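As a plain string of letters, each chain reads:
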Amino acid sequence: MSVFFLYPLFLFGLAAATLPVLIHLLNRRRLKRIQFPAVRFILLSQKRISRSYRLRHWLLLALRTLAVICLALLLANPIFQSGAGLFAGSGPVTLVLVLDNSLSMTWAGDGNGFKQAKEAARLLISGLNDSDRAALIPTNSERQEVFRLKSQKDVLLKELENIQIADGTANLSAALSEAYELLNQPAGQKEIRFITDMGLTGWDRFSVATLKQFDPSIALKLIHIGRKQQPLNGSVKEIRLASQGVGVNLPIQIEAVVANFGDNPIKDLLVQLSIDGQNKEQKLASIAAKGEVTVSFQTRIGQAGAHSGQVTLKKEGLAGSPAANFTLEAQDKLKILVVDGDPQTSLTASESFFIIRALNPAGERDSSLFLPTVIVTDGLNSVNLESYQVVMLCNVATLTDGFVAKLQNYLRQGGGLLVFTGDKLQPESFNQKLASILPATLRDKKPGAEANGEKIDKIDLTHPALQFFSDTILQESIKSARVWSYYRSGGKPLIALANGDPLLLEQKIGAGKVMLLTTSADRDWSDLPVKTVYLPLMQSLTQYLAGGKRGSLDGGIAVGAVKELSLPPSAVGKTLRVTKPDKRNADIAITGAKERAVASVEDNDRAGIYRLSLPAGAEKDGAPQLYAVNAPFLESRLEEISAAELQAKLKPIRADVIAVEALKAGGQRVDLALPLLALLIVTLLIEGWLGQRF
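The rules behind each value
Along each chain, residue indices are assigned from 1 in the same order as the chain's sequence is written. Totals for whole chains, interfaces and linings use all residues, but because this is a predicted model, local features are given only for residues with pLDDT of at least 70 and pairs of side-chain atoms are given and counted only at 80 or more. To obtain the side-chain values, all non-hydrogen atoms of the structure were included, while hydrogens and water were left out. Salt bridges are defined by distance alone: a side-chain nitrogen of Lys or Arg within 4 Å of a carboxyl oxygen of Asp or Glu. Per-residue accessibility, obtained with a 1.4 Å probe over protein chains only, is compared with the maximum for each type, and a residue is labelled buried under 20%, exposed over 50%, and partly exposed between these values. One requirement defines pairing of two strands: DSSP has to find at least two bridges between them. Going along the chain from the N terminus, every DSSP run of H or I of four or more residues is numbered as a helix, and every run of E of two or more is numbered as a strand. Here the axes come from fitting lines to C-alpha atoms, over the contacting stretch only for helices, and the angles between their N-to-C directions go from 0 to 180 degrees.

Trainee: Could you clarify how one ought to interpret the pattern of salt bridges in this entry?
Mentor: Should their charged atoms come close, side chains of opposite charge can pair. Under the counting rule described, the total for this entry stands at 23 salt bridges. As a salt-bridge pair, Lys-283 and Glu-281 come within 4.0 Å of each other at their nearest N and O atoms. For Glu-281, a relative accessible area of 24% translates into the label partly exposed. Of the charged contacts in the structure, one is a salt bridge between Glu-450 and Arg-523, with a shortest N-O distance of 3.2 Å.

Trainee: Before we go on, may I ask you to explain the sheet that holds strand S10 (residues 278-287) in this structure?
Mentor: Strand pairing in a sheet relies on backbone hydrogen bonds. The paired strands run either parallel or antiparallel. Taken in spatial order, the five strands make up an open sheet running S10-S9-S12-S14-S26, and their pairing is antiparallel. Each edge of the open sheet is held by one strand with a lone partner, namely S10 and strand S26 (552-554). Taking each pair of neighbouring strands and ignoring which way they run, the sheet shows an average axis angle of 20°. The pairing of strand S14 (residues 323-330) with S26 spans three bridges and is classified as antiparallel. If you follow Thr-327 over to S26, its bridge partner there is Asp-554.

Trainee: Whenever I open this one, the sheet that holds strand S32 (residues 596-601) confuses me. Can you help?
Mentor: Taking strand neighbours across the sheet as the criterion, the three strands line up as S28-S32-S31 in an open arrangement whose pairing is antiparallel. The sheet is open, and its two edges are formed by strand S28 (563-567) and strand S31 (591-593), each paired on a single side. On average, adjacent strands in this sheet sit at an angle of 40° to one another, irrespective of strand direction. Bridge analysis of S28 against S32 gives five bridges, and the strand direction is antiparallel. Looking at S32, one finds that Ser-566 is bridged to Val-598.

Shown next, in the form of structure tokens:
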């Protein structure tokens with residue numbers, strides 16, 4: 001039950017109730033007492049009846065004060081309301097109806113929460129009088145809508161029918177800001193009714209400070225869509241790649257982390273992996289209460305390029321987002337040209353032995369992403385570099401002018417070059433012929449015995465090719481290596497020895513990249529080739545030099561997040577077309593940023609696979625052609641905000657929480673203007689009658 005006023009400004013008139021008292025006090029006579037015997041006799045005779053006169057005067061004062069109070073309240077037009085209220089009775093109502101259409105409403109109300117919310121909204125709209133106005137605001141709006149107050153109930157009901165459940169988290173700040181802005185106009189009774197499941201995920205991100213404006217005097221009532229039973233509650237938390245890269249016809253290991261939000265264990269949960277719409281593998285999983293489990297799948301991709309994938313949870317009665325999308329970029333084999341500058345009759349003694357084993361440990365053509373081809377120095381002049389993604393020079397003594405020209409053109413076109421030094425390499429020749437290519441000038445050779453080797457000390461973990469060193473085991477492995485011979489140089493190292501000398505440097509040439517390893521590729525100058533880290537280091541450097549993000553898994557972004565795309569510089573000024581899961585298209589402008597072109601896709605409002613129509617030539621640079629968008633993971637959590645937390649979040653706005661069942665039971669609204677008018681008339685009549693008697 002509550003009482004509110006249609007015109008609360010008139011309540012300031014209550015101050016006028018003090019006027020009769022002031023007038024009474026100002027009119028009190030201050031008499032000078034002079035004692036006359038005859039008058040004293042009369043006063044003594046009237047003293048007995050003076051008390052009754054004084055009582056009548058106080059009664060008159062009270063009646064006049066009551067009359068002023070009644071008049072002020074009458075002008076403010078008080079309304080008495082009981083229950084949830086359906087706006088019965090007189091007086092115009094200005095209502096903003098906020099409807100929670102976030103994804104969690106799917107599982108509220110024992111599985112039909114959004115349906116219950118619409119029924120409640122329909123009931124409120126139907127209860128409006130002809131003089132009332134209302135607006136309908138969803139918490140998740142797919143576009144920048146302009147909301148207006150309307151008096152036509154049929155229009156409001158049609159808007160209600162068009163509101164659909166969204167894939168994201170409720171944007172409470174935006175919805176409530178719109179509501180207060182609409183109610184900023186002068187009106188009688190103003191109310192905000194917010195129909196919601198009170199999901200904790202949306203309120204976690206809310207604070208009153210995020211509202212553009214608010215008015216604590218406007219009643220905020222939350223119609224709560226609750227649930228009678230706690231369902232099984234789980235969702236896919238993460239999808240990740242557990243194998244090295246994604247290659248055509250190579251085994252791919254994909255892991256899905258599945259979380260259980262509920263207080264009860266989930267048993268016999270079917271977890272299914274599909275790629276390009278085809279079911280690849282499925283497993284049963286059991287998850288402890290509030291626990292997580294990792295489900296591993298192994299599959300193969302038969303064709304290079306972009307692929308869409310999905311992990312789906314299937315169990316009757318399971319609440320939570322049942323599917324998580326991801327994309328795969330499967331690469332054909334990377335062709336690597338390895339130039340052995342110190343070939344030996346014994347294979348293990350050759351300069352290229354360890355690098356070949358690192359790129360293809362099993363030695364079989366279909367067992368690795370990398371397809372290395374070894375040649376000796378004599379074959380350099382006849383080789384076609386365009387057939388390879390990366391060229392490796394291993395202890396090559398010198399280069400011919402013709403090959404240097406081909407190499408420069410190859411790098412400008414986006415090729416990758418990795419240079420190892422060694423005892424055959426002639427630093428003067430490299431410094432002269434590759435002056436514009438090498439990341440640093442080679443200075444003197446630092447010879448040494450194996451026992452006096454330098455430790456590897458600093459690693460740039462921010463570099464894309466070295467981020468895997470965040471793994472403690474691999475970092476310990478490389479720091480256990482010793483380098484006893486190398487060429488000194490300047491430049492900013494990506495990997496440095498303990499004495500500060502660079503071990504690995506990089507320079508970009510046009511669209512290509514060059515890396516210089518100042519020691520040898522074999523074990524003659526260091527024991528790095530026999531360390532655990534050698535294989536992932538060589539494979540990571542090779543993939544980085546090959547360019548792009550080919551051979552990877554992308555777990556996608558959350559609904560509402562911005563997708564940033566990196567494109568080749570030639571795409572600046574062009575447009576990118578995005579096709580959403582619901583087949584709608586959007587054209588995105590491509591702008592320049594440093595040495596790349598970039599595009600930002602902001603309207604990711606639906607979960608699913610988004611397809612990109614790239615400008616001509618962009619796909620050759622490794623730009624993605626697909627990306628995945630998923631429902632926010634925590635939106636599947638069904639935990640609700642408590643009443644105390646809600647009041648703390650909304651302070652100083654006062655919020656009343658009403659169960660949706662109470663709304664269905666209805667309520668009553670009584671206009672108190674008529675009773676107040678009757679009371680005022682009766683008060684004035686009594687005051688007039690008493691005034692004539694004195």
